[in-house]
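Analysis of the macromolecular model
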Amino acid sequence: MTDTIDISSSAGSYNFTVGRSIFEKHLTALKKKNQFSDCFIFADENVWKNHNNRIQTAFESAGLSFKKEIIPSGEKSKSIKQWERLTGVLLQSGVRRNTPLFAIGGGVTGDLSGFVASATMRGIPLIHVPTTLLAMVDSSIGGKTGVNHETGKNLVGAFYQPVEVIADTTFLDTLPDREWNNGLSEILKYGAIRDRSIFDRSEFFLERSSASNKKENSSLENLILDCAGIKADIVQEDEFESGKRAYLNFGHTFAHAMEKVADYGTLSHGEAVYLGMLAATNLSNSLGADLNDEILRKFRPLYSFDISPEMLPVDSMFKTMKLDKKNVDENFRFVLLKNWQQPVVETVNNEELIRKAWLTVFNELD
Ligand code: ADP
Ligand code: ZN
């Protein structure tokens, strides 16, 4: 199995590699190639708790001395305050333009550390070590970095590409179940917009036992590599988000509205995206497609939603969708499907059809 893809961007190209226990040898190779001996590690709190022995040993064995900072778990860390704090740590500890920064954690750690790396001395080398399934298939690829602002999520940031992404699946051994679903939703999204075979190949998630076995591991690694490849393809075609990159938002217009109306945290991003994809599939069918949504519903047993329809008033969701920054005017714009693997961006004016799509979501919540 090829376990590496080469991702190109205007800032140069970088490798994305997936595999079990690959972290150690990649560190050694990086050191050899780049001739550095000091570095920084920004690590997610829970990742550090669970894996600090291994991480420290890996750096020591590679002959790398490091300074480490812990990033508190959770979305609230994606703040200007944390950005300022971490930038201060780097500058006060004598960071130089070529001192690498390792971001070891999920999307929160990657987005925040990436933004710190992008702006410190106008850019220091960044290595992503994603430790959640979501970060492996989605947020570590494409160069989006940033933090939240009180007026909205991800409103302050920059495009900044890493020098390497090391997706070591050993880290996933400690990932909580709810976090697996966050990754699964994005994986199913790639199935819908680009490669139908992903639906079948994801069935092993339905049988996943906590004790992972070898066969599962290789299915998982293949799937991660393919999904990373799809994301890479799309962002390579549209690095700065003017066209095709929108396809990655399949299910997300509905999802963002739910996440916001339910108050962030009640529904996880992946839960909202799963429901949003059901709604988008229904809306696509209302507009002429003929999609059998069983393909998505099959995965329903994996999810549980701690929310009732009353917590998602339709009027509030319409209002929120109107404010979505992806809408260019008063109309609603959605990524819909003509067929599986055939995404289109469409403006929908018929509010009745959108209401009908919301109903499919509410039916799941009763
Ligand atoms: P995402 O990658 O979905 O954007 P976060 O960065 O917020 O999410 O990580 C989700 C949660 O999982 C956080 O509480 C984080 O501390 C925790 N976490 C991340 N990676 C691991 C891991 N490998 N093992 C255990 N917990 C982890
Ligand atoms: Zn998403």
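Residues numbered from 1 in each chain as written. Chains lettered and ligands numbered in written order. Predicted model: local features only at pLDDT ≥ 70, side-chain atom pairs only at ≥ 80, totals over all residues. Heavy atoms only, no water.

**Structural notes on the domain arrangement of the protein chain**
One frequent convention defines the size of an interface as the accessible area lost when the parts assemble. Along its sequence, the protein chain is organised into domain 1 (2–174) and domain 2 (177–214 + 216–365). Domain 1 puts 27 residues into the contact, and the matching count from domain 2 is 28 residues. At the boundary of domain 1 with domain 2, total buried surface from both sides reaches about 2,300 Å², with 65% on carbon and sulfur atoms. Counting across the interface, domain 1 meets domain 2 through one salt bridge. Ionic pairing is found between Lys231 and Asp138, a salt bridge with its closest N-O pair at 2.7 Å. Here domain 1 and domain 2 share six residue pairs in polar contact (both at pLDDT 80 or more) between them. Breaking the side of domain 1 that touches domain 2 down by element, the ones donating at least two residues are strand S1 (4–9), strand S2 (12–19), helix H5 (133–139) and strand S8 (152–159). (Domains from an automatic or database assignment. Contact = heavy atoms within 4.5 Å. Buried area = accessible area lost by both parts, 1.4 Å probe. Salt bridge = Lys/Arg side-chain N within 4 Å of Asp/Glu carboxyl O. Polar contact = N/O pair within 3.5 Å; in protein donor to acceptor, adjacent residues only side chain to side chain. Helix = DSSP H or I, 4+ residues; strand = E, 2+ residues; numbered from the N terminus.)

**Thoughts on the layout of surface pockets**
Here the second largest pocket defines a volume of roughly 430 Å³. The biggest single contributor to the lining of the second largest pocket is helix H1 (residues 23–34), with six residues. Among the residues making up the lining of the second largest pocket, the classes are represented as eight nonpolar, eight polar and six charged. (1 Å grid on protein atoms, 1.4 Å probe; cavity = no way out; pocket = protein on both sides within 12 Å on 5 of 7 lines; lining within 4 Å. Points joined across faces, edges and corners; volume = space filled by probe spheres on them. Nonpolar A, V, L, I, M, F, W, Y, C, P; charged D, E, K, R; others polar.)

**A look at the sheet that holds S1**
Spatially, S1-S2-S9-S6-S5-S3-S4 is the arrangement adopted by the seven strands of the open sheet, whose pairing is mixed. On the outer flanks of this sheet lie S1 and strand S4 (65–71), each paired with one strand and no other. On average, each strand axis in the sheet is tilted by 20 degrees relative to the strand beside it, whichever way the strands run. Packed onto the sheet, helix H3 (residues 80–92) meets strand S3 (38–44) and S4 and runs at close to 165 degrees relative to S4. Sheet strands touched by helix H4 (residues 107–119): S3, S4, strand S5 (101–105) and strand S6 (126–130). Its angle to S5, the strand with the most contacts, is close to 165 degrees. (Pairing = 2+ DSSP bridges. Axes fitted to C-alpha atoms, helices over the stretch in contact; angles between N-to-C directions.)

**Some details on the environment of Val165**
Mapped onto the elements, Val165 comes out in strand S9 (residues 164–168). Excluding anything up to four places from it in sequence, Val165 contacts Tyr14, Asn15, Phe16, Thr17, His128, Pro130 and Ser140.

**Quick notes on the environment of Leu90**
When you line up the elements, Leu90 lands in helix H3. Its relative accessible area of 0% is what places Leu90 among the buried residues. Sequence-wise, Leu90 and Trp180 are 90 residues apart; in three dimensions their C-alpha atoms are separated by 32 Å. Not counting the four nearest positions on each side in its chain, Leu90 is found in contact with Phe40, Phe42, Val95, Val116, Thr120 and Ile124. (Buried < 20%, exposed > 50% of the residue type's maximum accessible area, 1.4 Å probe, protein only.)

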